[in-house]
Amino acid sequence: MGFPTLSTALGFGPPYHLPTQGTLLITDTLTSDASFLIHHIVTNALQTPPPAPHSPESPPSAGTMPTTAAMGVAKPRVIMVGLAHIFNHYLLISRKLGLNLLPQREQRQYIYIDGVSLTSPFAKHRRFHPADRSSQNPTAPDYYCPPFDPPTDCSHHATAYTSSQRYLTDLLHIIVGFMDIGGVGVGTGGSGDQSTPSPSLIFDDIAVLWNLGMHPSAILEFLQACKFHVESRNGSLTLLAHTDRCLSGQAQKADDEGPLATGGYEYFVKSLMYLASYILQAESLPSGHSRDVHGQLLHALRGNSGNMMERPNARSSCLASN
Amino acid sequence: MSPLEVKKTTHSSLADVLEFRQTRTFVPIYDSVRQSGLPLLRYAIRRRLSTNTATGPPVVLLVCLETRPDALVNPSLVHGGEVHAIMGIMGGSDQPGEASSALMKACAHMKQLQLVNMSPDLAQLKHVITKTVKTLQEEHSTIYVYYDSLVPFLRQPMGQLLRFFRTLGTGDESAKSASGLAISMALIHEDLLVPDATSSAGIPPVRHALEALGPVTVHLYDLEDYNRTMDPLLWTEEDSRPAFAHLDTSNNSPGSRVAKVEYLKKSRKMQIETSVYDIVDDRLVTSEFVLARYQADAGKPAEKEIIQTPENDPLKSLSFNLTLTDQQREAKNNLVLPYVNEQSASGAIIYQPDDGDDFDEEDPDDDLDI
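The following paragraphs examine the structure supplied in this document. Please read these numbers as outputs of a predicted model, since none were measured by experiment. (Residues numbered from 1 in each chain as written. Chains lettered and ligands numbered in written order. Predicted model: local features only at pLDDT ≥ 70, side-chain atom pairs only at ≥ 80, totals over all residues. Heavy atoms only, no water.)

**Points about the overall build of chain A**
Tallying secondary structure elements over chain A gives nine helices and nine strands in all. Burial statistics for chain A: of 322 residues in total, 56% are counted as buried. Looking at chain A alone, contacts between residues at least 24 apart form 72% of all its contacts between residues at least 6 apart. (Helix = DSSP H or I, 4+ residues; strand = E, 2+ residues; numbered from the N terminus. Buried < 20%, exposed > 50% of the residue type's maximum accessible area, 1.4 Å probe, protein only. Contact = heavy atoms within 4.5 Å.)

Structure, rendered in structure tokens:
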């Protein structure tokens with residue numbers, strides 16, 4: 001299991017899997033990095049033993065959210081779309097947390113889609129193409145995202161949108177293909193196929209698509225479709241986005257030129273919040289840096305009622321450095 | 001915190017608006033991340049489906065661009081009404097995997113569900129909505145259309161959206177006799193409205209353009225945001241939230257949900273009602289909400305008349321005398337102080353010339369020996 005105290009603080013309840021049919025948005029800054037939450041979620045999903053279905057005599061404890069355990073669903077399949085780090089990064093950190101990802105990959109329990117190595121159009125000119133060595137390298141990803149060629153005329157709405165949509169549609173088909181392949185002795189999703197595990201789709205981090213110059217509407221539609229597919233299979237979707245002040249619209253007004261500096265990133269993050277059911281905001285402490293405490297974590301619930309914050313689940317926790 | 005007066009009311013404009021009793025055209029509900037409008041939209045749909053019209057059970061069309069149709073209407077809410085749904089999603093009906101069949105199963109209580117692709121200009125989506133509305137209008141005189149988000153539409157040119165709504169008969173009650181009426185309600189995420197129309201992530205400010213479609217507008221606020229809106233001078237730059245800090249633990253707590261209903265009457269007078277609302281056990285509970293200092297006309301602070309009474313006189317407990325008798329005050333007013341005479345004199349300068357004075361106008365610096 002990842003970080004036990006964090007699991008309790010998040011309130012997802014034993015065995016600390018993400019709630020099914022939920023979308024989790026994690027926001028962080030340079031001073032309070034929240035990537036540890038990604039490792040925590042992956043480790044929890046893969047390492048926690050499948051729980052026994054709870055009996056009517058022992059209902060789940062009050063105050064906890066419905067989990068995969070409550071739904072009678074076991075381990076999800078983790079599909080990681082790594083847009084910020086290569087597979088080795090996740091492999092090494094997972095080992096520190098007591099989980100070896102290599103056997104998980106062999107069992108199709110963990111799928112890694114590499115969005116780092118080849119996404120940029122510059123990757124086409126690399127001398128040693130990482131995809132060529134995929135058969136020999138045990139840590140090679142399951143799939144490489146194809147290069148994204150931004151349109152020459154980014155100012156034209158339809159051109160930028162169509163170019164982005166073409167790339168993202170291909171990526172969506174790949175992701176859904178991995179969702180539907182059979183698993184080995186794991187829990188089932190909602191589609192009724194007993195050999196298909198429920199997926200836990202993770203994007204680390206989604207801001208890279210924005211930085212590549214993709215059209216925000218196309219990204220949001222892509223994520224909407226991912227959410228739709230994940231929810232249909234009783235899975236969960238996790239997004240990580242950076243929310244440093246320098247990325248906000250106010251900071252970009254001074255040099256507002258080009259497709260990346262349209263001052264719209266803050267609105268993009270807000271749109272992600274509308275997409276999410278749960279929001280985890282990692283923030284630095286307002287009182288300044290501390291040796292033992294790195295920051296604080298705001299846990300917001302959107303839930304089925306559509307309310308962003310419900311009192312029992314709105315909480316703020318400290319991120320300790322252990 | 002502003003002075004707050006809350007009193008229970010038996011009549012609520014908000015309930016009237018949500019049930020289309022006040023207007024039968026188009027109702028935009030402006031919400032935000034800090035105060036979602038989805039609960040109100042769900043309540044409105046539920047009320048509509050539970051109310052039979054004179055022409056029979058209600059016909060509801062859901063246009064879902066952010067949420068799933070089964071999240072808006074579950075089977076227990078249908079009550080004999082007719083629910084149609086259109087879901088805009090990348091790829092449309094050509095979905096990979098088994099997701100679309102799972103959705104169809106979850107939406108089995110709906111009469112019709114269509115998955116439509118979101119093309120860049122929403123042409124396909126608009127076409128399907130128009131076609132569905134026209135088909136329904138042939139059988140029913142009035143249909144109710146609910147949009148869970150109008151944001152993708154608002155990223156298009158405003159003229160296209162207005163033309164689209166006019167085609168549906170929205171915003172024109174006189175069109176009822178001709179082709180039926182499409183009464184609409186839509187959520188608009190107000191915090192995505194940006195002043196810079198060139199930003200591709202936000203949407204341009206459209207509030208005034210949408211006023212052409214209906215006289216009623218609903219704004220949802222968090223209590224703190226409402227106070228900021230009403231009195232920005234109270235919130236200095238240091239008080240403003242940092243970038244991206246869109247949520248805090250005070251949002252959406254009970255009692256902090258504020259709805260402002262703006263109703264533009266035919267006489268062009270604006271009627272505004274602000275209320276605190278909550279939805280408890282499928283019931284809309286509202287309380288009239290008045291900020292005391294905004295009761296005066298045009299938002300000006302009310303000037304209070306201070307009436308001195310012997311009880312509240314602060315001078316009565318002093319050990320020395322600061323007040324004047326009438327006789328003393330009259331003598332004080334009649335006294336002419338010396339500087340008053342000096343100030344009334346003219347400002348002429350009297351100068352006695354000296355023997356050494358040189359009044360040579362041609363060379364005034366002659367005495368300097370330069």
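From this point, things continue past the structure.
**Section: the overall build of chain B**
In terms of regular secondary structure, chain B is built from 12 helices and 11 strands. Residues counted as buried form 47% of the 370 residues belonging to chain B. Contacts in chain B between residues at least 24 apart in sequence constitute 71% of all its contacts with a sequence separation of at least 6. Per element, the accessible surface of chain B, about 20100 Å² overall, is 52% carbon and sulfur. (Areas by Shrake-Rupley, 256 points an atom, 1.4 Å probe, with all protein chains shown as cover.)

**Some words on the pattern of salt bridges**
All names here are of chain B. On inspection of all chains with the given rule, the structure shows nine salt bridges over all chains. Residue Arg-34 pairs with Asp-222 through a salt bridge whose shortest N-O separation is 3.9 Å. Of this pair, Arg-34 sits in the loop between strand E2 (26-31) and helix H2 (38-49) while Asp-222 sits in strand E8 (residues 216-222), and the two are 188 residues apart along the sequence. Comparing Arg-34 with Asp-222, the two get one shared label, buried. (Salt bridge = Lys/Arg side-chain N within 4 Å of Asp/Glu carboxyl O.)

**A short note on the packing of helix H5 (residues 123-139) of chain B against helix H7 (residues 158-168) of chain B**
Residues and elements named next belong to chain B. Packing of H5 against H7 brings their axes to within 10 Å, and their N-to-C directions diverge by 20°. In terms of their interaxial angle, H5 and H7 are classed as roughly parallel. The chirality of how H5 crosses H7 is right-handed. Every residue of H7 that contacts H5 at Lys-126, Ile-129, Thr-130, Val-133, Lys-134 and Gln-137 is listed here: Gln-160, Phe-164, Thr-167 and Leu-168. Residue composition of the contact of H5 with H7, by class: four nonpolar, four polar and two charged. (Axes fitted to C-alpha atoms, helices over the stretch in contact; angles between N-to-C directions. Parallel < 35°, antiparallel > 145°, perpendicular 65-115°, else oblique. Left-handed = near helix turned anticlockwise from the far one by under 90°. Nonpolar A, V, L, I, M, F, W, Y, C, P; charged D, E, K, R; others polar.)

**Remarks on H7 of chain B**
Met-158, Leu-161, Phe-164, Phe-165 and Leu-168 of chain B are the residues of H7 of chain B that are buried. Angularly, the buried residues of H7 of chain B cover 125° about the axis, an arc narrow enough to put them on a single face. (Arc of directions from axis to C-beta.)

**Some points on the packing of helix H7 (residues 216-232) of chain A against helix H9 (residues 265-275) of chain A**
Residue and element names in this part refer to chain A. Between H7 and H9, whose axes approach to 11 Å, the crossing angle comes to 20°. One way to sum up the angle between H7 and H9 is to call them roughly parallel. In the packing of H7 onto H9, the handedness of the crossing is right-handed. Contact with H7, carried on its side by Pro-216, Ile-219, Leu-220, Leu-223, Gln-224 and Lys-227, involves Phe-268, Ser-271, Leu-272 and Leu-275 of H9 and no other residues of that element.

**Some words on the environment of Ser-277 of chain A**
Within the secondary structure layout, Ser-277 of chain A lies in the loop between H9 and strand E7 (278-283). Distance in space between the C-alpha atoms of Ser-277 of chain A and His-39 of chain A is 20 Å, their sequence separation being 238 residues.

**Side note on the pairing of strand E9 (residues 257-264) of chain B**
Residue and element names in this part refer to chain B. By the criterion of burial, E9 is predominantly enclosed, with seven of the eight residues buried. Of the pairings in the sheet, the one linking E9 to strand E10 (residues 270-280) comprises seven bridges and is antiparallel in character. Following the sheet pairing, Leu-264 is matched in E10 by Met-270. Connecting E9 to the antiparallel partner E10 that follows it, the hairpin turn spans five residues, and Arg-268 within it adopts a positive phi of roughly 70°. (Pairing = 2+ DSSP bridges.)

**A closer look at the nonpolar core**
Residues Phe-203 and Phe-222 of chain A together with Leu-62 and Tyr-147 of chain B are the most contacted members of the largest nonpolar core, which totals 130 residues. Setting aside anything within four residues of it in sequence, one finds Tyr-147 of chain B in contact with Leu-41, Val-63, Ile-129, Phe-153, Phe-164, Phe-165, Leu-168, Ser-184, Met-185, Ala-186 and Leu-187 of chain B. In this structure, Leu-24, Ala-34, Tyr-112 and Leu-240 of chain A belong to the second largest nonpolar core, which totals 27 residues. (Core = buried A, V, L, I, M, F, W, Y, C linked by side-chain atoms within 4.5 Å.)

**Things to note about the pairing of strand E4 (residues 82-88) of chain B**
Within a regular strand, side chains alternate between the sheet's two faces. Residue and element names in this part refer to chain B. Burial analysis of E4 places seven of its seven residues in the buried class, the great majority of the element. Burial along E4 is two-sided: Glu-82, His-84, Ile-86 and Gly-88 and Val-83, Ala-85 and Met-87, pointing in opposite directions, are all buried. Bridge analysis of strand E3 (residues 59-64) against E4 gives six bridges, and the strand direction is parallel. Bridge assignment links Val-63 to a residue of E4, and that residue is Ile-86. Direction of pairing for E4 relative to strand E5 (residues 112-116): parallel, over a ladder of five bridges. In the strand pairing of E5, Ile-86 is matched with Gln-114. Remark: the E4/helix H4 (residues 99-106)/E5 crossover connection has right-handed handedness. (Right-handed = clockwise from strand over helix to strand, strands pointing away.)

**Some remarks on a nonpolar patch on the surface**
Residues and elements named next belong to chain B. A surface patch of nonpolar side chains, about 480 Å² in accessible area, is lined by Leu-335, Val-336, Leu-337, Tyr-339 and Val-340. With respect to the helices, strands and loops of the structure, Leu-335 is situated in the loop between helix H11 (326-334) and helix H12 (338-344). Exposure remark for Leu-335: the relative accessible area of 57% places this residue in the exposed category. (Patch = residues over 30% accessible without salt bridge, like charges linked within 9 Å, V, L, I, M, F, W, Y side chains within 5 Å.)

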